[in-house]
Structure formats: structure tokens, C-alpha cells
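# A structural walkthrough
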Number of protein chains: 4
Amino acid sequence: MSAGRGGGVRGTRLPRAVRERQMMDAAVHTFGRRGYRVASMEEIAGLAGVSKPLVYLYLNSKEELFTACVRREARALRASVRDSVDPRLPADRQLWAGLTAFFTHTAENPDGWAVLHRQARTHGEPFALEVAAMRDEMVARVASLIGAAAREAGTAGRTPELAARDMTGLAQALVGAAESLAGWRHEDGTVSARDAAATLMNFAWVGLGELLRGERWTAR
Amino acid sequence: MSAGRGGGVRGTRLPRAVRERQMMDAAVHTFGRRGYRVASMEEIAGLAGVSKPLVYLYLNSKEELFTACVRREARALRASVRDSVDPRLPADRQLWAGLTAFFTHTAENPDGWAVLHRQARTHGEPFALEVAAMRDEMVARVASLIGAAAREAGTAGRTPELAARDMTGLAQALVGAAESLAGWRHEDGTVSARDAAATLMNFAWVGLGELLRGERWTAR
Amino acid sequence: MSAGRGGGVRGTRLPRAVRERQMMDAAVHTFGRRGYRVASMEEIAGLAGVSKPLVYLYLNSKEELFTACVRREARALRASVRDSVDPRLPADRQLWAGLTAFFTHTAENPDGWAVLHRQARTHGEPFALEVAAMRDEMVARVASLIGAAAREAGTAGRTPELAARDMTGLAQALVGAAESLAGWRHEDGTVSARDAAATLMNFAWVGLGELLRGERWTAR
Amino acid sequence: MSAGRGGGVRGTRLPRAVRERQMMDAAVHTFGRRGYRVASMEEIAGLAGVSKPLVYLYLNSKEELFTACVRREARALRASVRDSVDPRLPADRQLWAGLTAFFTHTAENPDGWAVLHRQARTHGEPFALEVAAMRDEMVARVASLIGAAAREAGTAGRTPELAARDMTGLAQALVGAAESLAGWRHEDGTVSARDAAATLMNFAWVGLGELLRGERWTAR
DNA sequence: CATGAATGAGCTTTCATTCAT
DNA sequence: AATGAATGAAAGCTCATTCAT
């Protein structure tokens, strides 16, 4: 009943790590498109090319499987962004690099992004907390970039201070704007990651008021 | 060969319009907190103080009930924002008014906002389209405010023009930022609607760069 | 809220007998086409132009309503057949007249015939018995016609006797043949009541005639 | 957040083919006695000694289960009749054999016969068509036997011809008579299959014989 | 390593029936 | 004479989960 050729055929014996990856891929795909509740273990197992009990053997339960998906995708997104940012650059350059990486990664992993941004946040505490932590970390990172920019500008003493809370608010706004643009890109399809990042840098860094006066943010 | 017994005691025999409102309120509450799939009709009926069949009699099906919730909440949010904006004011003042109304309304109707922002967008085409239409309308409105601001600034000839697509991108960013701040307010609890609107006006209108130089957006 | 013109308008007050007739008509129509279980009281009440409670007030329950339908239609069919038969005629002429009336009546009252022949017999004892009684009566009537024919033929002594059971069997066959032809007519649509009756008389009576003369079919 | 517990005790872990048969048997029994709408999947599952979900796993839905029953019973009845008939025999002997087989089979499979004759025809298009096809086939077969008998009798030229429609009408009558006698046997209980077949052959064939010789019944 | 067989629990939906007016 | 308001009960179907092999 088993096939002699190996490779994707149902019943073929594969090392656990490989199987687990197949399952997670299938799960991210299915959860991302259908949603946590609508996706069934049957569907996921089928897409992974294994039987349901094997999924349970390796991943224990639907809840744990989904958690594993969320963690994996969160880790991957964080890594993409972190690896793209050189902390020795000025703050605005760091932000530019991070945003570009964010838009690139979400476009290349739409299902993973859907799991994080849409599904995990919608389906109750256990998952929402996981993803909230990641988002808070990003917000904090952006807030600290804003703080760094303030120091770079050397305006600390002369200008009304930006309280920590203000910076968090600004960072929240910036992250939300990025999420929104990621969705827009997804629908539109013709906007490159750099376009999106540029739009956001102009918006955030220069401000609409300046923009209208002809001011532009540039990478140099 | 006989069937249902019928005719219990629970109901206080109210006119249909009243009952329907109670049901919709219960549904928005439940859908907003538990999610479309997890919420059960039984739960909703119980919260509304009626039996399940009455919910079906008046609202037909879970899907229709949810659609009705989405429509009602979308209409309410739109009305709040629209009514707060005086179209004779300058663009930035209009935006300020709209944002304040948005933050106020979402804070006062957290369940309705959850239905629109989280649940409806997550649970498939029929609902997502409904809410996407409302959001697109808001984005278009913001984009046209940006266009109006450009004309007000009288910079049309001298400065690089903002293409329609650019304006849409900026508007998408601004709307996403607002959504994000609404969520932040919700968690934080100590940020007033005016604080949030001010943060966003500064962020968007003045730009981080200017902000750091001490520039501020003010209502005058 | 009530209309001033009377006649079919919901809410109009009509004498009980009239209302009851409307309800029965609607019920026969609905039961005949949709079946006892599928037909809902709501549907019947709607078709009759009244509210559900009124149906209950007059006819008590679905079961009683259906029983009333069965009785009414059985009575009508019996009456049609009985009234067409002149007991002073010879047996074959009586049968001919009865069959013609049967085919005419069932074609003119397809819903009633469906209630009797299809629905009542299919949906459990209480109704099936009712209709079985009517059918048995018809079978008995046909059997007695066969007996009469035997006496008319004056063959009682000379030929192998037709036992009562044989006559019942023959009558059962004849009645079944008539039911089958009624259905065939209904589908075909181009066969007149007289055609059907003639087909059956040829089939049955020519055969019976020989039978009565002592003819028998044998396996050799 | 966890759901079903699963994995009970009832099942004796049988191969699918066996279980499927048990379910079909239970379904035919239940549908035949209680009717399509009244029979519940729970009842059928219980009678088959399994849980409801297993019935759905194997047979998909109530409708498909019923269709499968109708098909199986139709196939079985057709096979019984077909296998009993030797096409090299004269027409009357073929009819005799077929009728005997029909009466035997329906008596041995009363539930299957009820499903075909009573339930399937009563419960809407999808099923009625299935069974109508089988019945039409039987009618056509009988009609062609009548045609063969006419040729055997060599009366083609001398006597008024029997048009195709006439033969269909006669076949309809004969099949209806057989159905009726099958029901009669079922109630009476003391009539053997051969008795019933003999009654019908006498009734039909002696009549047909005369018919083929040019005899006709007339209203005068 | 991997699967076929099996089920408890729960959900949406429908319907006959009744009460208060 | 007639109806709007309301519900208990049950049915079809799905799903996460487990046991035996």
C-alpha cells in the first residue's frame, strides 16, 4: 500500500522535523485563508498529506497547532525586520530599512501575515496575547527610534519634550499606518515595498503640512 | 405524533421593534467579544432575554443577524463622523473634527467597533465587503481632504504634485494610524479622544521631523 | 388595519364555515403537493389567508387537520363514484360507469387524490387506516360486482366456482390497475377518462368474461 | 476552548464495507417503516449499532443515504425479476415467472418494497425520479411481452392492432395490479407468491388472450 | 512512523403549538 | 372573530479528539 518512490506520497515515512514543517505550512495556509474556527484539522491534515492522528501526535491539539503557527510566523517576521536594520545608522535610516523589510516580508508571506494580523488577534486571549507581545515590541522599537532621533536632533533642551507616552502614541500610529499600507498593497498589487515605505516615511517623517510645501523625505 | 409544546413564560410580550433592538444589541455585544463563529445563537438569545426561535423569526439566520449588526454599526460610525464635520472649515480642521468624533465613537461603542474592525474583516467575503466599503469611503474622504489642503496651500503649481495614488496611500496610512490609536486607547484607558486626535494630527500634519524641531499643530 | 372591501383580505371577518373551507382547501393543496411532514401549518395558514392560531382554533392540530382533509377527499371521491353508478344496470355497465367517474374525479382533484393515494397511505396508522377503509370498501364493491356478473352469466353451477377470496384478489387487482392508470393519465396528460376506463374494461372484463366461462390460465 | 472528547466504546471496530452494509440495512428498515421524514439519523445509527457521525462519515447525508437505499433496493428487485425470467420461453411463461419473482421478492423484502413503492414515490423529485425510472422500465418490459404475445398469436393481420400506446396502457394496468396484489398479500399473509401470480395471470392473460383474438368490451 | 475506525458534544435551524389581547 | 408574540423540543450536520493496530 505504500509507494516505493518516496516524496509526498501518503504513508511515506519521513523524519519528524520534515513532517512537522509540512503540517505547519499547511496549517498556516489554512488558518490564514479560512480562519481559526473554520479551518478543520481534517483539512489541514489533508493538505499536509498525512492523517489526522499524526497531526495530533506531533502538535497535540488545534489550539497548540495554532499557537505554534503564530509563534513561527511572529519569529520569522521579527527576524526579517531585525536583520535588515543596521543599528549604527541614523534613526530615520533604520526606520526606512525596517519598514522596507516589513512590507517585503508581509507581501512574501501573506498567509503568515494573515495569521498574525487578522486571525490571531481575533480569536481570543491565548493567541492575541502572543501577537500583542510582538506588536508591542515593534512599537517600543519604533518609539525608541523616535527618541534617538530627538537626541540626534540635539533638541532635547530647547523644545517642548516628547514624553514617553507621546512617543508611544506616535509609534502606535506609525505601526498602524504600516499595517494599513500592507493591506492596501495586498489588495492593490501594484505598489512595491519601497513605494509603501517611501509613502510612510514621507507621511511620518516630513508630515503632510511640509509635504504640501514641497518638502520630501529622501534616503539621503 | 404530536410535537413541540410551545408557549412558555419567559417573554414579557414586547412589540417587535423593541425586541429586535434588544437582539441586535445582544448580538453586537456577543459577536464583538466572542467572535462570529464562537458566538452562539443561544448565547445571543439568552442575553437578549428571549428564546432562540424568536431570534430566527425576526432576524432569519446567524449570517443575516451578523450582517445586520455590521450594517447598523457601520451606519452609526459613519453618522457620528459625518455629523461632526463642518465642510465649510479648512481641511485640517475638518480632519481634526472627524478624528475626534471617530475616537469618541469607537470608545463609546467598543463592541460595535470590534464587530467592524476585527470580526467582520476576519470572517469572510459577505461581511468583509460590507465593511471594506465603509473603510474605502473613509479613505476616499481623507484623500479628498488632503487634496483640498493642497489647493488651500495654493502650492499646486510650484511643488511636485501629489498624484491621486499618493493621496490614497497617505490616506490609507492615516486611517490605519487612527485605527491603531483607537486600539491603543482601548487598552490604555487613560488617553482621551482629544489626546489621540492631537497625537495623530501632529504626527500626520506636522511630521516627525518638524515635531522634533519643536513645531506643533494647533487648532488655530 | 383592516380593509373595508372584504373578500380575501387578511383580517376580514367571515363566517366559520367559509373560513374552514378556505383552510381545508389550502391544506389539501399543500399536503398533496408537499407531503404531510414537509407542509407547515404556517404555509397552510398563509395560503388560506389567515393566521396560524385561527387554524388551530378551528381545526385543533396538524393531525386533525390532515385527518379532516383525508375524510373530506375520501367522501368526495366516494360520492362521485357512487352517484355515477345506477345499481339497476348490469354489472359490467356499473363497473364502466364507476371507473369513468373515478378517472374523472381524480383528474379533476389531483391534490385530493394525492392526499388519499400518496400521502395518507405513507404517513402512519391514523391516516392510513382511514384511507384503507375507503379502499377496502371499493374493493368489496368491485368484488360484489364480479359476483353479480357470475350470477348474471348463470354459470354458477357449471363452472369451477370463484371463491370469495378469488373475487377479492381479482378486485384488488382491478383497483390497483385503476390507480396505476390514474397516475399514468396524470403524467401523460393526453389520455381521457373514457380512454382509461376503456383500456381497463378491455383488460379486465374481457378477461373476467372468459374466467367466468371456466377458462383458466395454466403454467402449461 | 477545547471541544469534543471523542473515542467512545460502542464500536467493535469493523471494516468499512461491513459497517456500511449494517447502516444501509438499518436505514431501509427505518425508512420503510417510519418514512423518510420521520426516520431520524439517530434512530438509524442506533439500529445499526453505531453513532451518528459514523453514518455521516460513510453516507454523507440523509438524502444521500436514502438515495443509496432506493438504488440498492431497486437494483435488488430488478435483479430478482430479471434473473427469474428465461427470455427463450413464450411470453406468458415469461410473465408468469416475472410475477412470481416479483411477489416473492417483495414479500421477502417488505421494508425495501415499502421504501420503493411508498416512501420514494412520496418524498419529492430526487427520489421519485429514481424509482419512476425503474417502474417505467418494468412497464416497458411488460408492454414488450404483450407485443411478443401478439406476434406469437400470429394475429397481427387479422385483428384490430394494438397500438403502442394501448400496450403501454395495458402494461400500466398490469403493473398496478401487481403492486396492489403485493400489498394485499402483505396484509392478508396467507396468499402465496404463486397464488398471487396465478390470480393475476388469470385476470390479465385470459383477458389479453381474448383481446388478441379481436375481442373487445363495448359500452353496448 | 502512521492510519482507519469511531464518538461526545455542540451548533444552526425548523416547527407545532400556545398565550394575551 | 382573529392575531402578534413567544417557546419547547427535536433534527441534521460538523468537528476535535482518541483508540487499536
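Residues numbered from 1 in each chain as written. Chains lettered and ligands numbered in written order. Predicted model: local features only at pLDDT ≥ 70, side-chain atom pairs only at ≥ 80, totals over all residues. Heavy atoms only, no water.

Chain A has the name TetR/AcrR family transcriptional regulator in an unreviewed UniProt entry, where Streptomyces amakusaensis is given as its organism.

## A look at the overall build of chain A
When helices and strands are counted, chain A shows 10 helices and 0 strands. In chain A, the order of α-helices and β-strands from amino to carboxyl end is α-α-α-α-α-α-α-α-α-α. Residues counted as buried form 49% of the 220 residues belonging to chain A. Within chain A, counting contacts between residues at least 6 apart in sequence, those at least 24 apart form 67% of the total. Total accessible area on chain A stands at roughly 10,700 Å², and carbon and sulfur atoms take up 51% of it. (Helix = DSSP H or I, 4+ residues; strand = E, 2+ residues; numbered from the N terminus. Buried < 20%, exposed > 50% of the residue type's maximum accessible area, 1.4 Å probe, protein only. Contact = heavy atoms within 4.5 Å. Areas by Shrake-Rupley, 256 points an atom, 1.4 Å probe, with all protein chains shown as cover.)

## What about the side chain of Q119(B)?
Structurally, Q119(B) can be placed in helix α6 (residues 110-122). Q119(B) gets classed as buried once you look at its relative accessible area, which sits at 2%. The contact partners of Q119(B), leaving out residues within four places of it in the chain, are T122(A), F31(B), G32(B), G35(B), Y36(B), F66(B) and A114(B).

## Concerning the packing of aromatic side chains
All chains considered together, the criterion is met by 30 aromatic pairs over all chains. A ring pair is formed by F66(B) and F127(B), whose centres lie 4.7 Å apart and whose planes are at 90 degrees; its orientation type is edge-to-face. One end of the pair, F66(B), is in helix α4 (residues 62-84); the other, F127(B), is in helix α7 (residues 125-153), and 61 residues separate them in sequence. Judged by relative accessible area, which is 0%, F66(B) ranks as buried. Overall, F127(B) belongs to the buried group, its relative accessible area being 3%. Between F102(D) and F103(D) the ring centres are 5.5 Å apart and the planes differ by 70 degrees, which places this aromatic pair in the edge-to-face class. The pair F102(D) / F103(D) is uniform in exposure class, with both members buried. Lying over the aromatic face of Y36(C), K62(C) brings its terminal NZ or CZ to 4.9 Å of the ring centre. (Phe/Tyr/Trp six-rings, centres within 6.5 Å; stacked < 30°, edge-to-face > 60°. Lys NZ or Arg CZ within 6 Å of the ring centre and 35° of its normal.)

## Here we look at the environment of F203(A)
Inspection of the secondary structure assignment puts F203(A) in helix α9 (residues 193-206). Given the relative accessible area of 0%, F203(A) is considered buried.

## Considering the confidence of the model for chain A
Regions with low pLDDT should not have their predicted coordinates read in detail. Per-residue pLDDT for chain A averages 87, and the proportion of residues at 70 or more is 85%. Contacts from residues 1-8 of chain A, a stretch scored under 50 in pLDDT, to residues over four places away or in other chains number 3 contacts. (pLDDT = per-residue confidence, 0-100.)

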